Amino acid sequence: MSKNMSKNKKSKKNRSVLGTIASFLLLVILFGAAAAAVAGSLYIRELSASLPTVEEIARYEPDLSTIVYDRHNRIITRLFRQNRTWVNLDDIPLVMRNAVIAAEDSEFYKHRGVDLSAILRAFWKNFTSGRVEQGASTITQQLARNMFLTHEKTLERKIKEAILAMRLEKIFSKEKILEMYLNVIYYGHGAWGLYSACQLYFNKEPKDLTLSEASLLAGIIKAPEYYTPIRHPDRAAIRQAYVLRRMVELGMINQKEADAAKKIHINFHSLKKPSLMFDNAPYFVSYILFDHLLPKYGSDLVYRGGLRIYTTIDLDIQHAAEESIQGLKSEGAIVALDPYTGEILALVGGKDFKKSKFNRATQAYRQPGSAFKPFLYAAALEKGLRPVDHIFDAPISFDNGIDENGEENIWSPGNYGGKYHGEVTILEALVHSYNTVAVRVGQITGIQNIINVARDAGFTSPHLPADLSITLGSASITPLELAAAYCVFANDGFRVQPFGIKKVTTAAGEVLESFEPLKFQALPPEIATSIRSLMEEVVRSGTGKRAAIEGYEVFGKTGTTNEYSDAWFAGGIPNMVSVVYAGNDDHTSLGRPGTGGAVAAPVWKNFVSKAKEYLPKDVSFSDTSTYNVTEVDICKETGFLAGHSCPSTKIILPAGTAPETTCPIHGEGTWNLAASDPNAPKLLLSPNDQEVLGVTVASVPIYSINPPEIEGQQLVVSPLQTQEPLVEVKRKQKEPSKKVKAPLPKQKQKLPKERSPEEVEKRFRELLKQYGITDE
């Protein structure tokens, strides 16, 4: 019995020890659990403190695409880092909302941001399968992740996600959370948000989505690159079937509707792809981007702020210009403006933006050649010269002193083809682009007067030489500059400021800035309309014949530079002025016949013939009856009123300056009547001519002096020489004029320093990096 008592005592002692150990272990576990809870609480508190606060979440604004529109509110392009356009939930069809809920979070309207039952289901599913097959993130958690977190698969990220989800649920309604989710989530191929996805895959608005399309998009969300219907249509179809099955299980649709949706074939071949860079009207977009938007607003607002840029271009006219420029063998540019407002209707700076970012419309400073002459003659008319007056088209030379090599520097401007035509009207000189007449008119008019007219018309280039070479277009200007200046002839003398942006607003419609036409009277309307009428004759019978458009009044002027390095046609029809420039970037020759009439004019005609279909249907320029002008039918050769056999044309002259008598050569007039006409055409003598001829008068009766000539140069003497000359020039001028004082051009004019295409490309990339658009 004593043995039993001993055993019982020993057993109790053992149980007591075990109990003590168990109690200790329990205390350790409880303490550890408490410590872990405290540590976990501190950890979660620390994580929570590092996350955006409720106030910061409420102020969150996602990246939104900036949209650039044409003048008819058609989208030109989107500027973005994340291609996103916000859509209100009311504009998202119920079928899309249901599809997303069925695919991603069927308990969306029941939980408070985190779905514990879904977490347990996912845990068990993944545990039993031995791999991750099911996620447990709610729509709110996914929204939190896309707004504030990365996509790394760690416990810390999941905890942060849960914390943020619960904060979101405190701030926003379920409807707002769903709206934010649909606008923030990624759908693949650069499309952020539902709007971009609809545009990308279906080229339609979200409100027009079908069940088939909605279920497809909802299926993409889980893994956009894996389920993309573009690269993996079979996977996308399987995922779509899953979404439709879940919608049936949840009572959102019936099986018949699901089966029908699966059978619909969706065509992705005509996919409308968004892009970071601008592939529609690229030269125009780059112009407004780097010239105004980025310097004014910065890259964050332009590429993330959802601005709305309403521009002046017409996409139809822009596309016509982009198509037409392909007709050039060289590089080139096309610019079109509304002459009454200065709005840019089209701007193309090259044939392929991907190959060359050099914008020849705004960056290429080139000599316009004879395309500058209308401004010379406008200055001449302001000084009192008339298109009906005569002047010599004959050889002319100037002593330019000794050059840097110690040799005589003689400037002897000549005509295209080396031919001269004797005594001609100023009208004919402009129509056929006689260079020696332009130089003589420049001498008579005065260089500063010419420059003043050019500046008033809109030339802003610093490269306008203050010498006689300006009469032949030796200035260096851009195509956009020339187009703006030519507007004075289309709008009866008003200078316009070219601009490409009408207004800039926020996504909510708040106007940040707007632009209105800026214009003022640069030329008297009598002068502007007179010059335009002369340029209409250029197109009817002169160097611009290849630009004529049947049924339309067309004015314009060709331009060609030395060695055929540049070719131009500048001109207009009612409601549009446009310029075509052709030339090689390295200034090499275009080859023969590389003239403006042969190279640029046909391209201009092709472009304007297409563009006119998108303009008001005016075929004639505005009525000039309110101006102090007279429209007269004149003889192109004599300048008198046209007779029955005259080579005639109608031109506009300032009132009181038109001849009163009929042509005595081809018409019914007589020389006696002509002699008594106070407005009879006169032969104008330049200072150079006066010196060579030994006279001191600035003008004499027409056909009264034989034109001067230089030995060895061909001169076509006018057959209209019917009177005895007042001065018989028996000597031939062998020495250039040394006495006439006039600013003369340097023998070799230096062109403005210009970046090479490689340098332009490099600078373009530098600007993208500078503004934070790319990291390259």
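In this section: the overall build of the protein chain. In terms of helices and strands, the protein chain carries 23 helices and 20 strands. Within the protein chain, buried positions represent 54% of all 776 residues. Surface summary for the protein chain: the accessible area is close to 35,900 Å², and the carbon and sulfur share equals 52%.

Our next topic: helix α20 (residues 596-611). Along α20, the positions that sit buried rather than exposed are Gly596, Gly597, Ala600, Ala601, Val603, Trp604, Phe607, Val608 and Ala611. Buried residues along α20 sit against α13 (315-324), β4 (331-337), β5 (344-348), β14 (555-560), β15 (566-573) and β16 (576-583).

Judged by how many residues are buried, β4 sits mostly within the fold: 7 of 7 residues are covered. Covered by surrounding structure in β4 are Glu331, Ala333, Val335 and Leu337 together with Gly332, Ile334 and Ala336, the residues of both alternating faces. Bridging between β4 and β5 involves 4 bridges; their strand directions are antiparallel. Paired with Val335 across the two strands is Leu347, which belongs to β5. Count of turn residues in the β4/β5 antiparallel hairpin: 6 residues, of which Gly342 carries a positive phi of about 90°.

The buried fraction of helix α14 (residues 373-383) is high, at 9 of 11 residues. Those residues of α14 lying buried are Lys373, Pro374, Phe375, Leu376, Tyr377, Ala378, Ala379, Ala380 and Leu381. Buried-residue contacts for α14 involve α15 (426-431), α16 (435-445), α17 (447-457), α18 (479-490), α19 (525-541) and β14. One or two steps after α14, the chain reaches Gly384, where phi turns positive at roughly 115°.

For the rest of this paragraph, the subject is the packing of α14 against α19. Each pair of packed helices gets described by two things: the angle between the helix axes and the distance between those axes. Running from N to C, α14 and α19 point in directions that differ by 135°, and their axes come no closer than 10 Å. Taken together, the axes of α14 and α19 are oblique relative to one another. Handedness of the α14/α19 crossing: right-handed. The residues of α19 that touch α14, namely those facing Pro374, Tyr377, Ala378, Leu381 and Glu382, are Ile527, Ser530, Ile531 and Met535. The residue inventory of the contact of α14 with α19, partitioned by class, reads 7 nonpolar, 1 polar and 1 charged.

If you look at the biggest cluster of nonpolar residues, it comprises 101 residues, and the most contacted ones within it are Phe375, Tyr377, Leu482 and Tyr486. The leading source of residues in this core is helix α12 (residues 282-304), at 12 residues. Sequence-distant contacts of Phe375, defined by excluding residues within four places in its chain, comprise Val453, Ala457, Phe459, Leu482, Ala485, Tyr486, Val488 and Phe489. With 51 residues, the next largest nonpolar core counts Ile57, Leu89, Phe172 and Leu194 among its residues.

The 5 strands lie next to each other as β5-β4-β16-β15-β14, forming an open sheet whose pairing is antiparallel. Of all strands in the sheet, those bounded by a partner on one side alone are β5 and β14. Strand after strand, the sheet turns through a mean of 5° between neighbouring axes, direction not considered. Where β4 meets β16, 7 bridges bridge the pair, whose relative direction is antiparallel. Within the sheet, the bridge partner assigned to Ile334 lies in β16 and is Val580.

What counts, and at which threshold
- Every chain is numbered on its own, with residues counted from 1 as its sequence reads.
- Since the coordinates come from a predicted model, pLDDT governs what is reported: local features require at least 70, and pairs of side-chain atoms require 80 or more to be given and counted, while whole-chain, interface and lining totals use all residues.
- Hydrogens are left out, water is left out, and the side-chain values use all remaining heavy atoms of the structure.
- The numbering of helices and of strands both runs from the N terminus, where a helix is a DSSP run of H or I of at least 4 residues and a strand a run of E of at least 2.
- For each residue, the accessible area found with a 1.4 Å probe, counting protein chains only, is set against the maximum for its type, and the residue is called buried under 20%, exposed over 50%, and partly exposed in between.
- We get accessible surface area from the Shrake-Rupley algorithm with a probe of 1.4 Å; when it comes to residues, only the shown protein chains can shield them.
- Two residues qualify as a contact provided that any one of their heavy atoms is within 4.5 Å of a heavy atom in the partner residue.
- Here the rule is simple: two strands pair whenever DSSP picks up at least two bridges between them.
- The convention used is that axes are lines fitted to C-alpha atoms, helices contributing only their stretch in contact, and that angles between N-to-C directions extend from 0 to 180 degrees.
- When describing relative orientation, an angle under 35 degrees is termed roughly parallel and one over 145 degrees roughly antiparallel, while 65 to 115 degrees is termed roughly perpendicular and anything else oblique.
- Helix crossings get a hand from a simple test, with the near helix turned counterclockwise from the far one by less than a right angle marking a left-handed crossing and a clockwise turn marking a right-handed one.
- Charged residues are taken to be Asp, Glu, Lys and Arg, nonpolar residues to be Ala, Val, Leu, Ile, Met, Phe, Trp, Tyr, Cys and Pro, and polar residues to be all remaining types, Gly included.
- Here, nonpolar core means buried Ala, Val, Leu, Ile, Met, Phe, Trp, Tyr and Cys residues that are tied together by side-chain atoms lying within 4.5 Å of each other.

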